[in-house]
Structures are given as C-alpha cells and as structure tokens.
Amino acid sequence: MKNKIELLMGNEAIGQGLIEAGCQVAAAYPGTPSTEILQAVIDRRDLAAEPLHLEWSVNEKIAFEVALAASYTGKRSVAVMKQVGLNVAADPFMRTAYIGVKGGMLTIVADDPGPHSSQNEQDTRLFCLQARVPVIDPASPAEAKALIEPAFALSEKYGINVVLRPTTRICHSRQNVSIGAPVVLDRQANFEPDTSRWVATPAFLPALHRQLNANLEKISVEPAWQPLLTSGDNSQPRTALVAAGIVYGNLVDLLEELGLSDKIDLYQVLMPYPLNPDFCQDLHEKYDRILILEETYPVIELQLAHPGAVGKQNGAVPREGELMPDVVHQVLASFLDLTPPAEQPEERRGQRPSLCPGCSHRSAFYSIKKCFPQGIYPSDIGCYTLGMNLGAVHTVHCMGACISQGAGFYQAYQQDSDEFPTIIVTIGDSTFFHAGIPALINAVIQQARIIIVILDNATTAMTGGQPVPHMGVAAGNVSTKAVAIEPLVKAAGVEFLEVWDPYDNEKFEVLLKSADDYIRSPQGGVAVLIARHGCVMDPAVRQAQDSFLVTINENCIGCRICVDKFECPALYMDEENNVAIVNQDRCIGCGTCIQSCPVDAIIKEEKS
Amino acid sequence: MKQQIIVSGIGGQGVLFLTRVIAQVAVNRNIPVLTSETHGMAQRGGTVLSTIKIGDFASPLICSGQADLGLLLWEANLPVHQSLLQEKGVWIINSSNNSDHISINAAKIARDLGNAVLLNLVLLGAAIKDEALCFTVDECETAIKQLAPKKFVEQNLAAFHKGLSC
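Criteria and cut-off values
- Residues numbered from 1 in each chain as written.
- Chains lettered and ligands numbered in written order.
- Predicted model: local features only at pLDDT ≥ 70, side-chain atom pairs only at ≥ 80, totals over all residues.
- Heavy atoms only, no water.
- Salt bridge = Lys/Arg side-chain N within 4 Å of Asp/Glu carboxyl O.
- Helix = DSSP H or I, 4+ residues; strand = E, 2+ residues; numbered from the N terminus.
- Domains from an automatic or database assignment.
- Pairing = 2+ DSSP bridges.
- Contact = heavy atoms within 4.5 Å.
- Axes fitted to C-alpha atoms, helices over the stretch in contact; angles between N-to-C directions.
- pLDDT = per-residue confidence, 0-100.

K.L.:
Explain the pattern of salt bridges to me, please; I cannot follow it from the model alone.
P.N.:
Two side chains that carry opposite charge are able to pair once their charged atoms sit near each other. Residue and element names in this part refer to chain A. Using the criterion set out here, one finds 32 salt bridges over all chains in the structure. Between E149 and R76 there is a salt bridge, with its nearest N and O atoms 2.8 Å apart. Of the two residues, E149 is situated in helix α8 (residues 148-158) and R76 in the loop between α3 (60-72) and β4 (77-82); the sequence distance between them amounts to 73 residues. One continuous salt-bridge network, built from bridges that share partners, spans D111, D123, R125, D137, R165 and E294.

K.L.:
Quick question: what am I supposed to make of the domain arrangement of chain A here?
P.N.:
By a widespread convention, an interface's size corresponds to the accessible area lost as its parts come together. Assigned domains of chain A: these are domain 1 (4-222), domain 2 (226-336), domain 3 (360-541) and domain 4 (546-606). On a C-alpha basis, the centroid separation for the pair domain 1 of chain A and domain 4 of chain A is 49 Å.

K.L.:
Could you clarify how one ought to interpret the sheet that holds strand β13 (residues 309-310) of chain A in this entry?
P.N.:
Strand pairing in a sheet is mediated by backbone hydrogen bonds. Such pairs are either parallel or antiparallel. Residue and element names in this part refer to chain A. In space, the five strands of this open sheet follow the order β9-β11-β10-β12-β13, with mixed pairing throughout. Strand pairing shows two members of the sheet lacking a second neighbour, β9 (228-230) and β13, which therefore form its edges. Relative to β13, strand β12 (residues 289-293) is paired through two bridges, and the arrangement is parallel. For L291, the partnering residue across the bridge sits in β13 and is V310. Sheet strands in contact with helix α12 (residues 246-257) are β9, β10 (239-243), β11 (265-268) and β12, and its direction is about 155° off that of β11. The strands that helix α15 (residues 325-336) touches are β10, β12 and β13; relative to β12, the one it contacts most, it runs at about 175°.

K.L.:
Teacher, can you tell me more about the confidence of the model for chain B here?
P.N.:
In low-pLDDT segments, the atomic positions of the prediction should not be examined closely. Residue and element names in this part refer to chain B. Overall, the predicted model of chain B reaches an average pLDDT of 94, with 100% of residues at or above 70. The secondary-structure element of chain B with the lowest mean pLDDT is strand β6 (residues 102-104), recorded at 93, while strand β2 (residues 33-36) shows the highest, at 98. In the predicted complex, the global pTM is 0.96; the interface-specific ipTM is 0.96.

Put into structure tokens, the structure is as follows:
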C-alpha cells in the first residue's frame, strides 16, 4: 500500500508515530508546546492495532510513573510533558536512568526556546546529560515522527528510557507527513519481579550505575544515531558547521539562499547526548574551526570541547532566545566572513494577550483588586496569569507555588505585626489538582492566614480545554469518577469555604470581605473561596449563559476605567472623541463590565 | 515553485485555519510545505504569526525580507511584521482605508455574512483574485471543504467567494 500523505502539525505527527510504533500506554499533563501530542493520540486511537490506555494525568510525575510501570510489563509506553513538566517528574526520571525499563519507554519533552509560553527556556538535552539519558533532537515534524519507532527500538535494546526533545518550532509546525500502518507487537503484560532492579536499594546501585555507563558508551556509537554529514567541496577547508533541531533547518535554508549548499561540511546531530567520542575526536582532527548551532544551551558544544569551537561559550552565538533565521544569518556571516545581513529594525511587540471577553477570571480579579487594593496577590500558571493586566497578580512562579508563596508571605509579615496585609492567592482548578493540594495542607497546618481563591472554570483552559478531575470526564470524553474540590479542601482542614460565581460581583465581594474577617479572627486560618464559572471558550458555556447587547451611551466621560482597569478586549477607546466603544465582533454580551463604569454609561439590552 | 507567505493577526481571528487551508492546497498538489504557527498564551487575543513555506525548504521560519506575500488580518500588526516582507512583496490587508497596500474591508464583509471570523477566507479570496497566490479557485475550495467542520463549509465558501469578487 502506498503511504498516505497528510498535513500534520509536529505534535500530531508525533502522536501518529506513537500509534504506528505500537505504544500502548500514553500519559501526559498538558503544557504548551507539548499538549497536542496526547490529543493527537486520543484523536487517532481508533487506528491503534492493539489496546491503548490514554490519560491526562494529574501531573507530570504521575504521568511518568504510570508510563514507567507499563513499560515494566514489557509494553511500549510514553510520558509526554513540556520542559518544566520534567522538573516535576525529575525524581522518577533520574532514578529510571539507573533502574531502566523493559518495554520501550519514551519520554517526550517539548522545549520552548524563546520562551513563548513558559516560565523559562531550560534545555531538556542538558537535563538528560545530567540524568544520563539519551536524547533525540528532531529537525522537522516528519523527522520527529520517523524517529519514534527507532527510539522505541533503542530503548528496548538497552532497557533504557529515551527522551525525544522537540521544540516549539517542531511541535507547532505543519508539514506533509507520510502515514503508515501500526505495528502489531502482540505483547501481554508480564511483570517479572526483580528486587535487584525494580526495588534497587543502595547495595544494587553501583552495579546499575556501571551498567548505565556501559550502555551509554554503546548507545553513543549506535550507527543509526550518528551525526549526518553533508560534505562540502573543500572550498572552506578545515571548517565545519554542526547543528541540531530546528536550527539545522534554518541553516540549510540559509545556505541554499546564500548559494553555499555543499560548499562546507555540515553535520546534523540527531542525538546530542550521548555524543560519540569518536565523532568528537574526528572533529578535533579534521577541523580548525567549527560553528555550533543548537537550542538552547551548549550541550553539543560542551561535549565536543573543540578548541576552535565558535558557539555559545565564546559568545559568538546568542546564549538566550531562539536561533531564528536572521540570527543564524548574522552568526554565519561573521563565522565565514560574509557580507553581514542588513541591520534589522528593533523587534516591535504586537498586541499583548489578555483574558478573553467574558472570562470569569476577569470578574474575580476585578473584585479582588477592588476589595483589597493593598493586598498581596500570589498567582500561578494558566490563563489567569493574565490577571497581571488588571494589576491583580504579583507573583507567578511554577505550578502550585502560589499557595506556598502566599503562606511564606504571611509568615514573613506576621513576625512584624498583627496587621498583616491581606494575601489573596489565585489558582486555577487544574493547577490546584496538579500541585496545590500538598501546599494547601501545609498552609493549614502552618496556620497561615491567607485567602485562596480557586478559579474554577471546569477545564484546563490555557492549553485548549483538557479535562480536569472534578468534572467526571477523562481523556477522549470518556466518563469517569469525579473528584470534587470542596471535600478535598475540607479534608485539608480548611474551615472557611465558600463557592460563588464571580459574574455576581456584589455577592462575590461580600464573600471576599467575610473571608478577610475570618482570617483575622482569633480562630482564623486559611480561607478558601471557589470562584466557579465555566470557561467561555467552551461553546456550551456561552450558549447556556445570558447574552445581551452591550453598548456605551452618551454618558461616557472617557475615564478609561472599563478599558484599562477592567481590561476587556471587547472594549476600546475612540481616542478622537474620548469615549469607550464596545467592539461587537468580540463582545460575548455577558455584561460583566457594567459594574466597572462609574457613570452607568455601559448598558445592556435584550438582543433583538 | 517556491513561495514564502506570512499570515498575521490576533488570537481568535482564524489565522491558524487560514494557514492550514493554504498548506493543504500545497499538500493536495503534492508540493512540500512547512508552516509555523503561534499557539499557547498569545492565542488569548495577542498578536499571532504564521509562516508558510511552499516548495523545497528545510525550516518553516522566514528570514527578514524574504516573504513574498503577507496576509494581514489585524492592521495594527503591520509595523510588527512588515520587515519580513521582501521589497516586491505584496500585503493584503483587512482594513477599511489603507492606501499603501491592497486593502479590503474583510471584517465588514464577514460581519455582513454573519460572523466576523470569516474575514480570514475573505482575505484568501482577495489573494487569489489578485493572483498573489498561485492557486486556483477550485484548489482552495477543495481544501476548505476538507478542513472546515461540515456545518460551516457553506459559510466558509461564501466568505471565500466574497473575497474573490470584491
């Protein structure tokens, strides 16, 4: 059968590759740019030749451990996450290097150089060097897919977890990709207890560590994973280019553009760690100067340790951000002494993102800011980070940090005075389940007097609406048990718990104030207020709620409060006439902005 | 055939769908294509940019001064993405009054059709009409039918045709 060609996003290509390679357990926690990988497997699950368990796990550590145990039974499995998700999964990930796996196991970690949607631009390849785990760096969506089956085979040959590291520009690129049929592996779950491995106490670890090091040496010389050389014509003697990932693609296009294809030795590194020592040696002997292009940290460069290396360590290649084509052009021109490219105008920022029109988080933040203008606002990772546009977010760190940070703020302030500031933590429902629960228990037992507002929009909104544990729906819209938030909060020892829809700002503000009274009362502690309103990105939510024709009348005094302080993107200023206007293309007719107007100029009417 | 295209707008305007339609036409013609898209937080109403490279390329990203065509759904992005277009490049802009470039009030046309989001395909129609994209009307229609959810196919085709005839 001739292979079918489809236009696939990198993440879809990877998802399709997992199905074709006979992966039977896939677990992930959503996070940009990785999210669409599991979604693609879910969408294609009917193509799988064998049973396939898919899950949106509660966090990345759990996803990794679920996939790991499935591999112990001999089946192929995968854990998928974004780069900072690997920090959450670091504990099992590090030990797995020593203990190994049985069925092929991949960890797909999507990095975000730039960063575009992350709290840092850490390089998973360097993480793998520290963990001693082989890592693959694909240069295109089609290549990412093509490397999945060989990566499973490598994992099984050496009983080792293998990491595939696509970056944002691979994940979110589309390409014509060839579709194949899934392999049939016909494996039955067969866990064989072996305390020297699966239990491995310190007594067993030196031998396992030795085995790991021996395996890494063999993996580094595996023929299928060697750097690929495109030879030059020797017009640039003793000079080479070494690149990996999307930067390799950028470089290839640039060389073509400049008429330099096949003029200079060019290596593509597929597996940046472990790098073949013979390759390194060869480069030392053959070349005096080597330009090394990789994102984001100098992982290949560190291993090559070439005295003529031009890269991040000597500052010739920018150490931060993406190596976009223009950057590669400048670096290459300087390396080869070419005419430098025209100076680029300073990059201009476009429209900043903001909470959607009608987002209930906006209403909650507006009320919080109104009730506690002098408050401290720790917040967290999700759409609601955008509460910073309303001045209602003071800290964002990593998943779940806001609750512990809120408690930390309290401990520091209460030492000085009984008149501590009101600390209002905001955390989304998915983030609360991910890493908020241990932090909540800790805040309660340490008697922190803080208000925690759980912004419950019934979904993981930022990444496109993955299911959350309290909705009773699992991956692929399958019904499951629902784990409600309220009993969890109560079981954590919280004695003040209220639930309200922040669209009703008057009552919501009454509850915020009573929460503040509670935390300051003699018996006070953690107060939790659940702000509950569905995500308006969900068409069902929009259809179920009232929608009005919202307009601004002649009473408008041009005070800008609705535009700047309430910050709904459906409102903008007509600067010429100094009045606010509703953009009817974007307004969803919720009317939540009405409260922000000091002169009652925003009005709502039934739609005709 | 080689062509480099950028599609610029803000999250929620249908930049991704338009990108996919263009890339799908290339796939249907059996021409290699690479696109790069903006996902994640910027999609919440922020500036988004897609790049499309049709032909024999290794990376979807576009160097400054290399794009042949820019489809601009959000006029205020012009100063942000202008440097990507080559000197002879063509901008087709959703605008009510931009005299420097090919401008078409796609938002109004889309609104008259009942949904502002349809402006993406109005612009596509305009690009075909002006021969800024070397695709046929049939090829675009096929791709739209392949990619649009069934119940929106007619609406999408209507928007495309409005762009063709304006």
